[in-house]
Every structure is written in C-alpha cells, then in structure tokens.
Amino acid sequence: EIYMDRVPITASNFIDLAQSGFYNGIHFHRVIPSFMNQFGCPYAKDPKSNRAGTGGPDDGEYKNLATGGMEKRFNGGCIKDENISKDTNAPGTLSMANTGQKDSGGSQFFLNVAHNDFLDWFSPGESKHPVFGKVTEGMDVAEAISKVPTQDDNPNTPIKMKSVTISGL
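What counts, and at which threshold
- Residues numbered from 1 in each chain as written.
- Predicted model: local features only at pLDDT ≥ 70, side-chain atom pairs only at ≥ 80, totals over all residues.
- Heavy atoms only, no water.
- Helix = DSSP H or I, 4+ residues; strand = E, 2+ residues; numbered from the N terminus.
- Rg over C-alpha atoms; globule rule 2.2 N^0.38 Å.
- Contact = heavy atoms within 4.5 Å.
- Areas by Shrake-Rupley, 256 points an atom, 1.4 Å probe, with all protein chains shown as cover.
- Buried < 20%, exposed > 50% of the residue type's maximum accessible area, 1.4 Å probe, protein only.
- Salt bridge = Lys/Arg side-chain N within 4 Å of Asp/Glu carboxyl O.
- Arc of directions from axis to C-beta.

**Some remarks on the overall build of the protein chain**
Here is step 1 of the chain: Along its length, the protein chain carries two helices and nine strands.
Here is step 2 of the chain: For 169 residues, the compact-globule formula gives about 15 Å, and the C-alpha radius of gyration of the protein chain, at 15 Å, lands near that figure.
Here is step 3 of the chain: Each principal axis of the C-alpha distribution contributes one length, and for the protein chain these read about 45 × 35 × 30 Å.
Here is step 4 of the chain: Counting contacts in the protein chain only where the partners sit at least 6 residues apart, residues at least 24 apart contribute 61% of the total.
Here is step 5 of the chain: Entry remark: accessible area of the protein chain is about 8,700 Å², with carbon and sulfur atoms responsible for 48%.

**Focus on the side chain of Ser 12**
Here is step 1 of the chain: Structurally, Ser 12 can be placed in helix H1 (residues 8-19).
Here is step 2 of the chain: Accessibility expressed as a relative area gives 1% for Ser 12, which makes it buried.
Here is step 3 of the chain: Every residue in contact with Ser 12, bar those within four places of it in the chain, is listed here: Met 4, Tyr 62, Lys 63, Asn 64, Leu 65 and Ala 66.

**Considering the pattern of salt bridges**
Pairing between side chains of opposite charge can happen when the charged atoms of each approach one another.
Here is step 1 of the chain: All chains considered together, the criterion is met by six salt bridges.
Here is step 2 of the chain: The salt bridge involving Arg 6 is made with Asp 87; its shortest N-O contact spans 2.7 Å. Of the two residues, Arg 6 is situated in the segment before H1 and Asp 87 in the loop between strand S4 (70-73) and strand S5 (93-96); the sequence distance between them amounts to 81 residues.
Here is step 3 of the chain: In this structure Asp 87 comes out as buried when scored by relative accessible area, which is 17%.

**So, helix H2 (residues 139-146)**
Here is step 1 of the chain: Among the residues of H2, Met 139, Ala 142, Ile 145 and Ser 146 are the ones counted as buried. Down the axis of H2, the sector holding all buried residues measures 115 degrees, keeping them to one side.
Here is step 2 of the chain: In this fold, the buried residues of H2 make contact with strand S1 (30-32), strand S2 (36-39) and strand S6 (109-112).

What follows is the structure, given as structure tokens:
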C-alpha cells in the first residue's frame, strides 16, 4: 500500500519509478537483521558494485498523482523532503532513504523489519525518514531477506528484484 493521500510527492515519485521499470533488476544492497532491507540504487544492478547505495534516478520531472501537477527530481535525482505525515517506521513500512542532508531522497528506500521509530522525521534523532507505504502481504519474505548471510551488510548471495508492479491506482 502506497500512502498517496499522506505523502503525494514521495508516493508519486516511487510509482513513477516503478512504472518506468527503474527498479527492475536492481539488487538489495544493504540488509541488516532486526533493522531493515535497503533497495533502489541503480548501481546495485551489479550486486558487487562498490557504488551500490550511492546512486539515484536521473534529474527530470514526474507527475504528482494527487494534484496533477509536475514535480522535479534535481541534484542527482533527489526529491523534496515531505515531512508531513506522522507515520512511524514500524515493521513492514516503506521509508525514503536519504543521505541525511535536506532534500536528498530519490529512488532508494528501505523496508523496516523492526520498529525503527528513531528514524521518524518527527523524532528527536538526527535521521529523518518519511514513511510512504507498507507491506500488505509477503512480510515473511521481507523478514527472510533481512536474515540472509551478509558481508558489510551486502547479501553474500545477491537478491534481485525482478520487477515492481503497481496496481489499484
């Protein structure tokens, strides 16, 4: 489930990237048990790339599906921070990854497998990650991914996303 009604810029960005095939063939590049699974870096098409975790989409525009207006990707495919909905980083939620700098999220996101409320944009901590959706089925798969053997948080056996499909719009 994608929270279009709560965070339309972030949700529309994710949907646009998914529908364009951007996520197809990308590997999970950061997996930490009892924490989260991170995905969405284009450099992670090569699961052993030392650049995995540093990339984003091209700059450009995409349609805000809630307003009909156009939104921009800038400075390496980043979008504006959308810190408006107080959804917590609970198990099963999808959250926008960023570098810690303002407006630095783009295509990378993480799937929480634990309650990571210290990552909430409205928490007192330094990390600020807005939640934009949740897993409605298949959480067992997400939990299994989080438990695979890793080296430096990178799965020893690559885990590839064949495709991301959006339905019910």
